[in-house]
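A closer look at the structure
In case you want the letters, here they are:
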Number of protein chains: 2
Amino acid sequence: MWQVTEDDLSAIATGAGILGTGGGGNPYIGQLRARQAIRKWGAVTVLSPEELPEDARVVCVGGIGAPTVGIEKIRDLQSYHALRAIEEYTGETATAIISNEIGGSNSVEPLIPAAIAGLPVVDADGMGRAFPEFQMKTFFVYGVPCCPMAVADEKGNSVIIRETITPHWAERLARATTIQMGCVACYAVAPMSAEQVRRTAIPNTLSLARNLGNAVAHARSSGSDPLEAILTTCPGRILFSGKVVDIERRTTSGFARGSVTIDGLEQYSDQRMVIDFQNENLIARIDEEIICTVPDLICAVATDVGEPVTTELMRYGLRVTILGFPAPELWTTPEGLAVAGPLAFGYDTEYRALQV
Amino acid sequence: MWQVTEDDLSAIATGAGILGTGGGGNPYIGQLRARQAIRKWGAVTVLSPEELPEDARVVCVGGIGAPTVGIEKIRDLQSYHALRAIEEYTGETATAIISNEIGGSNSVEPLIPAAIAGLPVVDADGMGRAFPEFQMKTFFVYGVPCCPMAVADEKGNSVIIRETITPHWAERLARATTIQMGCVACYAVAPMSAEQVRRTAIPNTLSLARNLGNAVAHARSSGSDPLEAILTTCPGRILFSGKVVDIERRTTSGFARGSVTIDGLEQYSDQRMVIDFQNENLIARIDEEIICTVPDLICAVATDVGEPVTTELMRYGLRVTILGFPAPELWTTPEGLAVAGPLAFGYDTEYRALQV
């Protein structure tokens, strides 16, 4: 058990930005929003999955939409409204909140309703990274129902996705709702039990995000290499390093989609990496050869300071280093890969686990 | 009180086709669906608004979508699923069903859930005609909340539009949901009281549809003029008569939109009428002069037999007569015109009541 205070938010934002694989919502804006909530309503207690009471009712909250829009149309208290809407619908009262995804601003989204409602958050999430689509959560892969769920906007509109024939239909209906709401909304899923959280969530990811951010900050202040600090805190490896020479990006069907092209520098000179993204980085190729794919993590950080670069802020001229991290084991099973492997994103290639 | 049996359905379909002003869903398909339901589950009792018990809980059901799609993707029991979904959400049990609009297949849509659930339907509706958008109902104009409402498809997906800041937002979110569901769905609105029905519904419209249909059938079998029979049963007048020479129609944003051009015959020769529609006929012009607009009814019928012609079946060469009927009085107040007058559809013209 620990407390998230204002002092932790900068580190969490950096760590969640790295784990966000380019998406999950802008971590800096998320940090500012969480800071405002904690300042107003107080620090938030973090419980590990094991510390949850057996009768816990854990509501997963998250932002949904395109990160390109989310940096202009900033969320307010939608996740709190969505929490109250799903509580009213189910007739159950939440006793804890869990993040849908540890990547980007979704890492700290739960802190806002938790601070308002005086509830703890769970040190875990449904991805261990970020993914673009609602149904891409380990919760649902391993049998937690994805509905009912509530979607709320900042204006006062709210919708319950009551029942769907597949988790993908929940994504489809929630996405259409989100687009109407201005491409930025928040959702809350019907409560999970402690047993469901322990069995299906990726554990200890809020701690991991904080530890990653602290490691980067420490490296910077001590003059050591921030990239090495990242890779020591979270096992992974450098995939590529260079300069962004092209970025193609469009906001379509409620997502930010596109690709970034990076020309190599130093030992990567004369090589070119292209990364496709749908909110998050999906597949990285060097000179047409596939180097890393979902569900493994493909993360861009500024080469000099180790600060994560999200897809909506990627731009020409940036010096970036691309890091790869192996996916959590819950994603590399056949069930996990069916939901979030390369084929699920339309890439006709087998998943080959990143070797670290 | 009367009973809708299979024998009434043909007359109701014809009358509702006329009152549908080109839309409301294909009345022939609606008739076949209602016939199947009554054959399987039995005749449905019709209560006038005055006959409703004081503690009645009346659920408005309707089809939503584009009529162009509705003739290819035929509805099943979605309105029954929507009824059950809104009952579950509100915790209230319906004691009667009311039509959202008497026009087109929506006139008989309530018979399907009513037959299955063994409930009566009310001899009234929320339009006294058909309109393309969800919020365009006298119920909502005069203070009945438009939410919560349930939207259901034929596959097993259902959504609750829980709360919206305006009735137009309910339309917007329900329409986006419907498009995902394949542009054809059904909805059910939270129960109304008997007092709300009596105060805000257009009364006796199911009887009117049946009487119109019977008058047309009688005229045909007795060799008298079906158009005269229509105008005797429901006061109105002939606006134009001619041959369809052009039809422009597209299915967009969940609606069938377009215009039909009719060249005049006999006393209308050398004149040309153009009618714009959005599911329903909105505005009729002769040689650029506005002849009739919403909320007054603009209805196309086959000149020879008085059979209504809906916008999705309008085609080159048809001989049609365009009838105009004054809108129910609940629509011609300032509040009514604000929701369904010409300005509400983007036409920069004042409503001028049709003179009969």
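For the structure itself, look to the data block above.
Quick caveat: nothing in here was measured; it's all calculated off a predicted structure.

On to helix 2 (residues 27-41) of chain A. Residues and elements named next belong to chain A. Over its 15 residues, helix 2 extends 21 Å from the first C-alpha to the last, a length consistent with the 21 Å expected when each residue adds 1.5 Å. Those residues of helix 2 that fall on the buried side of the exposure criterion are Pro27, Ile29, Gly30, Gln31, Arg33, Ala34, Arg35, Ala37 and Ile38. Among the structural elements, strand 1 (2-4), helix 1 (6-19), strand 2 (44-47), helix 3 (67-70) and helix 5 (111-117) are those in contact with the buried residues of helix 2. Its side-chain oxygen placed 3.0 Å from the backbone nitrogen of Tyr28, Asn26 serves as the N-cap of helix 2.

A few words now on the nonpolar core. Ranked by size, the top nonpolar core spans 96 residues in total, and within it Val4, Leu111, Ile230 and Phe325 of chain A together with Val4, Leu111 and Ile230 of chain B carry the most contacts. Ignoring anything within four residues of it in the chain, the contact list for Val4 of chain B reads Leu9, Ile12, Ile38, Ala43, Val44, Val46, Leu111 and Leu206 of chain B. Listed in part, the 64 residues of the second largest apolar core include Leu173 of chain A together with Met181, Tyr187 and Ala201 of chain B.

What follows concerns the interface of chain A and chain B. Of the residues lining the interface, 23 residues belong to chain A; the matching set on chain B comes to 23 residues. Between chain A and chain B lies a buried interface of about 2100 Å² when both sides are counted; carbon and sulfur atoms form 55% of it. For the pair chain A and chain B, the number of links is two salt bridges. At the surface where chain A touches chain B, the tally comes to 13 residue pairs in polar contact (both at pLDDT 80 or more). Those elements giving two or more residues to the side of chain A that touches chain B turn out to be helix 4 (78-90), strand 7 (158-163) and helix 7 (167-180) of chain A. For the side of chain A that touches chain B, the residue count by class is 10 nonpolar, six polar and seven charged. Pairing of strand 7 of chain A with strand 7 (residues 158-163) of chain B, which is carried by five bridges, proceeds in the antiparallel orientation. Within strand 7 of chain B, the position partnered with Ile160 of chain A by the bridge is Ile160 of chain B.

This next bit is on the sheet that holds strand 10 (residues 237-252) of chain B. Residues and elements named next belong to chain B. The seven strands lie next to each other as 14-13-12-11-10-16-15, forming an open sheet whose pairing is antiparallel. Whereas interior strands pair on both sides, the edge strands pair on one side only; in this sheet they are strand 14 (289-293) and strand 15 (297-302). Taken over all neighbouring pairs, the strand axes of this sheet differ in orientation by 35 degrees on average, direction set aside. Docked against the sheet, helix 10 (residues 226-233) engages strand 10, strand 15 and strand 16 (319-325), running at close to 10 degrees with respect to strand 16.

Here the focus is the pairing of strand 6 (residues 149-152) of chain B. Residues and elements named next belong to chain B. Burial of the side chains of strand 6 extends over both faces: Met149 and Val151 are buried on one face and Ala150 and Ala152 on the other. Looking at chain direction, strand 6 and strand 7 are connected through four bridges and run antiparallel. Within strand 7, the position partnered with Val151 by the bridge is Val159. Hairpin connection, strand 6 to strand 7: the antiparallel pair is bridged by five residues, and Gly156 has positive phi, about 125 degrees. Sheet analysis places strand 6 next to strand 8 (residues 184-189), joined by four bridges and oriented antiparallel. From the neighbouring strand, Val151 faces strand 8, where its bridge partner is Tyr187.

Take the packing of aromatic side chains next. The final tally for this structure, using the stated rule, is 13 aromatic pairs over all chains. Ring geometry for Phe131 of chain A against Trp331 of chain A: centres 5.1 Å apart, planes inclined by 80 degrees, an arrangement best described as edge-to-face. Taken together, the residues Phe131 of chain A in the loop between strand 5 (121-125) and helix 6 (138-141) and Trp331 of chain A in the loop between strand 16 (319-325) and helix 11 (334-340) connect sequence positions 200 residues apart. An angle of 55 degrees between the planes, with centres 5.2 Å apart, marks the rings of Phe240 of chain A and Tyr268 of chain A as tilted. With Phe240 of chain A in strand 10 (residues 237-252) and Tyr268 of chain A in the loop between strand 11 (255-264) and strand 12 (272-278), the pair connects residues that are 28 residues apart, well separated along the chain. Judged on exposure class, the residue Phe240 of chain A and its partner Tyr268 of chain A are both buried. Within the aromatic cluster, the residues linked to one another by ring pairs are Phe134, Phe139, Phe140 and Tyr187 of chain A. When the ring centre of Trp2 of chain A is taken as origin, the NZ or CZ atom of Arg210 of chain A, which lies over that ring, is 4.0 Å away. Of note, Arg172 of chain B hangs over the ring of Trp169 of chain B, and the distance from its end group to the ring centre comes to 4.3 Å.

Reading the values: rules and limits
- Residues numbered from 1 in each chain as written.
- Chains lettered and ligands numbered in written order.
- Predicted model: local features only at pLDDT ≥ 70, side-chain atom pairs only at ≥ 80, totals over all residues.
- Heavy atoms only, no water.
- Helix = DSSP H or I, 4+ residues; strand = E, 2+ residues; numbered from the N terminus.
- Expected span 1.5 Å × (residues − 1).
- Buried < 20%, exposed > 50% of the residue type's maximum accessible area, 1.4 Å probe, protein only.
- Contact = heavy atoms within 4.5 Å.
- Polar contact = N/O pair within 3.5 Å; in protein donor to acceptor, adjacent residues only side chain to side chain.
- Core = buried A, V, L, I, M, F, W, Y, C linked by side-chain atoms within 4.5 Å.
- Buried area = accessible area lost by both parts, 1.4 Å probe.
- Salt bridge = Lys/Arg side-chain N within 4 Å of Asp/Glu carboxyl O.
- Nonpolar A, V, L, I, M, F, W, Y, C, P; charged D, E, K, R; others polar.
- Pairing = 2+ DSSP bridges.
- Axes fitted to C-alpha atoms, helices over the stretch in contact; angles between N-to-C directions.
- Phe/Tyr/Trp six-rings, centres within 6.5 Å; stacked < 30°, edge-to-face > 60°.
- Lys NZ or Arg CZ within 6 Å of the ring centre and 35° of its normal.

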